[in-house]
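Chain and residue survey
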Amino acid sequence: MSLSNATRQDGLTVTEFEPLIKLLASYLQQANAGALPVLPYVDPDTMLQRWNLPIPASGKGMGDAFSLLSRTLAESNHLHHPRYIGHQVSAPLPLAAFCDLVSALLNNSTAAYEMAQVETVMEAHLVSWIAGLAGFDADRAGGLFTSGGSLGTLTALLAARQVMGKRKGIGDLWRDGYAPTGPRPAVLVSAQAHYCVLRAAQIMGLGEQGIVPVRTDSALRVDPSALAAAYETARLTGREPIAVVANACSTPTGSYDPLARIADFCVAKDLWFHVDGAHGFGAAMVPQYASLLEGISRADSLVWDLHKMLRMPALCTAVVFRDKAHSYATFAQDASYLFQGTPEQEWYNLGQRTIECTKGMIALKAFICLQAYGTQYFADYIAGRYALARRFCDLLRASADFECPVAPQANIVCFRHVPAGACAAALDELQGSIRQKLIASGKFYITQTRLTGGLYLRVTLINPATQDSDLQVLLAEIRSVAAESTRRS
Ligand SMILES: Cc1ncc(COP(=O)(O)O)c(C=O)c1O
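Overview of the structure. Everything numeric in this text was worked out from a predicted model, so none of it was measured. (Residues numbered from 1 in each chain as written. Predicted model: local features only at pLDDT ≥ 70, side-chain atom pairs only at ≥ 80, totals over all residues. Heavy atoms only, no water.)

With that settled, the discussion passes to the pattern of salt bridges. With the rule as written, the count across this model stands at 21 salt bridges. Arg175 is the partner of Asp176 in a salt bridge, and the nearest nitrogen-oxygen pair spans 2.9 Å. Exposure remark for Arg175: the relative accessible area of 62% places this residue in the exposed category. When salt bridges that share partners are traced, they join Glu403, Arg416, Asp428 and Arg450 into one network. (Salt bridge = Lys/Arg side-chain N within 4 Å of Asp/Glu carboxyl O. Buried < 20%, exposed > 50% of the residue type's maximum accessible area, 1.4 Å probe, protein only.)

So, on to the environment of Leu474. Note that Leu474 resides in helix H17 (residues 468–488). Accessibility expressed as a relative area gives 0% for Leu474, which makes it buried. The spacing of Leu474 and Arg83 is 391 residues in sequence and 8.6 Å in space, taken between C-alpha atoms. Aside from chain neighbours lying at most four places away, what touches Leu474 is Ile85, Phe392, Phe415, Leu438, Phe444, Ile446 and Val459. (Helix = DSSP H or I, 4+ residues; strand = E, 2+ residues; numbered from the N terminus. Contact = heavy atoms within 4.5 Å.)

Let us now look at the state of the cysteines. According to the stated counting rule, one finds zero disulfides in the structure shown. Free of any disulfide, Cys357 has its nearest cysteine sulfur in Cys316, 20 Å distant. Lacking any disulfide linkage, Cys404 is separated from the closest cysteine sulfur, that of Cys393, by 3.5 Å. Cys404 sits in the buried class, given a relative accessible area of 7%. (Disulfide = S-S within 2.5 Å.)

The next point concerns the site of the ligand. In the vicinity of the ligand lie 13 residues, with Gly149, Ser150, Thr251, Asp276 and Asp305 positioned nearest. Taking Thr251, its side chain carries an N or O atom lying 2.8 Å from an oxygen atom of the ligand. One of the side-chain N or O atoms of His307 is found 3.0 Å from an oxygen atom in the ligand. Calculation on the ligand without its partners gives an accessible area of 390 Å², and the protein chains cover 85% of this total. At the level of secondary structure, the elements contributing two or more residues to the shell around the ligand comprise helix H7 (149–167) and helix H12 (306–309). When grouped by side-chain class, the residues that make up the shell around the ligand number three nonpolar, seven polar and three charged. (Near = heavy atom within 4 Å. Polar contact = N/O pair within 3.5 Å; in protein donor to acceptor, adjacent residues only side chain to side chain. Areas by Shrake-Rupley, 256 points an atom, 1.4 Å probe, with all protein chains shown as cover. Nonpolar A, V, L, I, M, F, W, Y, C, P; charged D, E, K, R; others polar.)

Counting buried positions along strand E1 (residues 142–146) gives five out of five residues, so the element sits mostly inside the fold. Neither face of E1 is open: one carries Gly142, Leu144 and Thr146, the other Gly143 and Phe145, and all of them are buried. The sheet contact formed by E1 and strand E7 (residues 317–321) spans five bridges and is antiparallel. By the bridge assignment for E7, Gly142 is matched with Phe321. (Pairing = 2+ DSSP bridges.)

So, on to the sheet that holds E7. Taken in spatial order, the seven strands line up as E1-E7-E6-E5-E4-E2-E3 in an open sheet, and their pairing is mixed. In this open sheet, the two edge strands, each paired with only one partner strand, are E1 and strand E3 (211–214). Adjacent strand axes in the sheet meet at a mean angle of 20 degrees when their direction is disregarded. Direction of pairing for strand E4 (residues 239–247) relative to strand E5 (residues 272–276): parallel, over a ladder of five bridges. Its bridge partner being in E5, Ala246 is matched across the sheet by Val275. Contacts from helix H10 (residues 227–236) reach strand E2 (184–190), E3 and E4 within the one sheet, and its direction differs from that of E4 by about 145 degrees. (Axes fitted to C-alpha atoms, helices over the stretch in contact; angles between N-to-C directions.)

Below, the structure written as structure tokens:
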């Protein structure tokens, strides 16, 4: 079969793909202009039925694929809509999405260098750049890209467990597993941490007790003076603390833990220091916010999700170690069909250091977009979103019928509507129903979270198109939805 016949058979002709590119361009225009419902919400059972298409023995061709893709666009959550202010998932740069198309088509998997030579060196260069932003010694630092912050956290904590397990006399846990007797490791972290930290600890066999909570201050940041008590609590219950995980920043409120003070504690107690910078590490690029990360240069490992505040499509996560030897310590696996030498000798065979074997060209999009846009573009974007969150907090605090309990350090804001005369006991229910009604209206997509004071509405100002005026409209909508609920009850 000639190449043209082969490609023709796969439907890979420019003319057949042109309509799809045009469809995407017009979709983006509509979404950016806010000319769609943010989320055309449909309940899960109805959606299940809608897409219950029999898998045909004979394919229906490109025309059908095109109309199904149009439907997919129409029925999905529109993150490019300026009023998408929900979870920490970016409105990706179109260029980055096209890089993902290139990645998908090339399908170069990074386990072994020979399979992905360009991606492998792009990852290496990006890891060096991130290490530089963190203030790590360029010659000593190293790392990798992986599929998301949860996997990145597990990767980093596996390294912590392996390195500290040996150092603290718990043993070579990767090789031998846990001894039937003897101490189990514990990790200190505040209750504000993303659930993936607890999940990683449980995957590593530490159990729920393996996470020892550290008290936070009124701004929901780790209170450094509480670290010693958490450490002692762990030891009193037969646990050996091996690490402290710091949030930079936390998921619920975007609070940055005091990294320098935590680093001091880790040095004093010989603990691994991991920074979860999945959301907030980008502040390192922004001179006026970089001080939020003061002390990060002393971290043993850090995780950064570029699919959050670097406008990359999911997934794009960097795990960077201050000492690259630790990155090789995480997994010691023989796989002679892929690797020939020691992991250190084969820095370019990334599968030796990742949970994934087959892994896409994750770094390609970040590498290309950083070349195309330059760091200043991203720094301005992050600075703009952080500043918008501060202005939104001011607006909330200037409104008698809204509360904003934690002044935002990043671009995440928690708040609640407290209409005059509202019954305190009914406030949680009110926030929940406001959120549901807003989402059902298609006008905004927002989230909620529970803080000590109760249930709060929560926004992440991640879309560069969201403006102050959108947030003013949000408050007006909330008031109107709440008033309508009160009238009905
Ligand atoms: C602070 C923080 N860490 C880790 C994660 C998990 O990252 P991912 O969703 O990429 O697995 C998140 C997700 O929102 C997060 O906010």
